[in-house]
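Each chain, written out:
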Amino acid sequence: MENLRTRTGILFSVLLTVLAGLSCAYYNTFYNARKSYDAAIELARQNPDNPVSSEEILLDEAVAGAAKILTVYSESHWADDAQLLLGGARWQSSNHPLTGSGTSDFTEAMMAYSSAIVITDEQEIRDRANTGLGLAAIELERFNDAIVSFESVSRDDSKLYLRSRLYLVETCLLNHQPERALAVADSLGTPGDDSLAAELTLWKGRAFMAVGQPDSGAVLALSAGDMFGRGDGYYRSLTTAAEAYILDAQPQMAVEVLNRLLAGYRSDLETAVIALLNGKARTLSGDYTGAIFSYRSAADLDR
């Protein structure tokens, strides 16, 4: 009897060792896949205008790792995280392609996010997947699907909830529903996070432009620019303000805003966009010499 208990104890110990090994194996697989994905995102941040080949390689590694978990360790508690990771990698692959562009990875991203929503028991993962699903749907111009996804995000994480509502405002504008966009924006109050407050102010400005109030849109966009202070948000805010002034038949005001922006910008692609807007504003204000110079600058930068 003692020998039986001994053998049983040995078998139980072996079983625990095997299970621990399996747990370690799928954790390492997920960890390495996530590490590759994070490294790809960092490369994209460092090279926003010129994707590098190593980013694509890292995303492929992330996809392979996530796929392995879903195939070999499909019953593990990392499966829903793997679906989320797979969706993120597919979305990034299409959003920041090395060559050309396509929609197949956006479609696959939607499928991965949808699967994560179905299999998970965690509200956090469900919310993150709904956000990713909505973003992929926007890229495929499936705006109604995107609206449903963003509206499905819970209030559990206040920042994620607010971001989903900002995406909802954007989607409503893309779907030619500016009044609905304004209603959503107004419902959000004043965010405690400065960057999210700036984003909300900017999107309110764009919504006012869409409902035929470009003067209010310009004021809000400039306010958002002051809140951002620098970086991509500052660029988006001031170019939006310039567009609003052009719509409001105040091209000289647009020129002033764009000149301020040009003074501190170094990205060729974004400077080319600024120069194009500047050319349009100068044409409307009657400064044809300045307009020609701006258009030529844009052409030189876009080569």
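Residues numbered from 1 in each chain as written. Predicted model: local features only at pLDDT ≥ 70, side-chain atom pairs only at ≥ 80, totals over all residues. Heavy atoms only, no water.

### Remarks on the packing of helix α7 (residues 158–174) against helix α8 (residues 178–186)
Next, step 1: Contact geometry for α7 and α8: axes closest at 7 Å, N-to-C directions at 165°. As the angle between them shows, α7 and α8 are arranged roughly antiparallel. In terms of crossing hand, the pair formed by α7 and α8 is left-handed. Taking contact as the criterion, the partners of R165, L168, V169, C172 and L173 in α7 are, on α8, P178, R180, A181, V184 and A185.
Next, step 2: For the contact of α7 with α8, the residue count by class is eight nonpolar, no polar and two charged. (Axes fitted to C-alpha atoms, helices over the stretch in contact; angles between N-to-C directions. Helix = DSSP H or I, 4+ residues; strand = E, 2+ residues; numbered from the N terminus. Parallel < 35°, antiparallel > 145°, perpendicular 65-115°, else oblique. Left-handed = near helix turned anticlockwise from the far one by under 90°. Contact = heavy atoms within 4.5 Å. Nonpolar A, V, L, I, M, F, W, Y, C, P; charged D, E, K, R; others polar.)

### Some remarks on the environment of A221
Next, step 1: In this fold, A221 is placed in helix α10 (residues 214–228).
Next, step 2: Considered as a pair, A221 and A244 are 23 residues apart in the sequence and their alpha carbons are 8.6 Å apart.
Next, step 3: Contacts of A221, omitting those with residues within four sequence positions, involve L202, S237, T240 and A241.

### Comments concerning the packing of aromatic side chains
Next, step 1: Under the counting rule described, the total for this entry stands at two aromatic pairs.
Next, step 2: Ring centres 6.2 Å apart and planes at 65° place the aromatic pair W91 and F106 in the edge-to-face group. Here the residue W91 occupies a position in helix α3 (residues 79–95), and F106 occupies one in helix α4 (residues 104–119), the gap between them amounting to 15 residues.
Next, step 3: The exposure class assigned to W91 is buried, which follows from its relative accessible area of 19%. (Phe/Tyr/Trp six-rings, centres within 6.5 Å; stacked < 30°, edge-to-face > 60°. Buried < 20%, exposed > 50% of the residue type's maximum accessible area, 1.4 Å probe, protein only.)

### Digging into the environment of A79
Next, step 1: When you line up the elements, A79 lands in helix α3.
Next, step 2: By relative accessible area, which is 8% here, A79 ends up buried.
Next, step 3: Between the alpha carbons of A79 and A116 there is a distance of 8.2 Å; along the sequence they are 37 residues apart.
Next, step 4: When neighbours within four sequence positions are excluded, A79 is seen to be in contact with I69, L70, S74 and I119.

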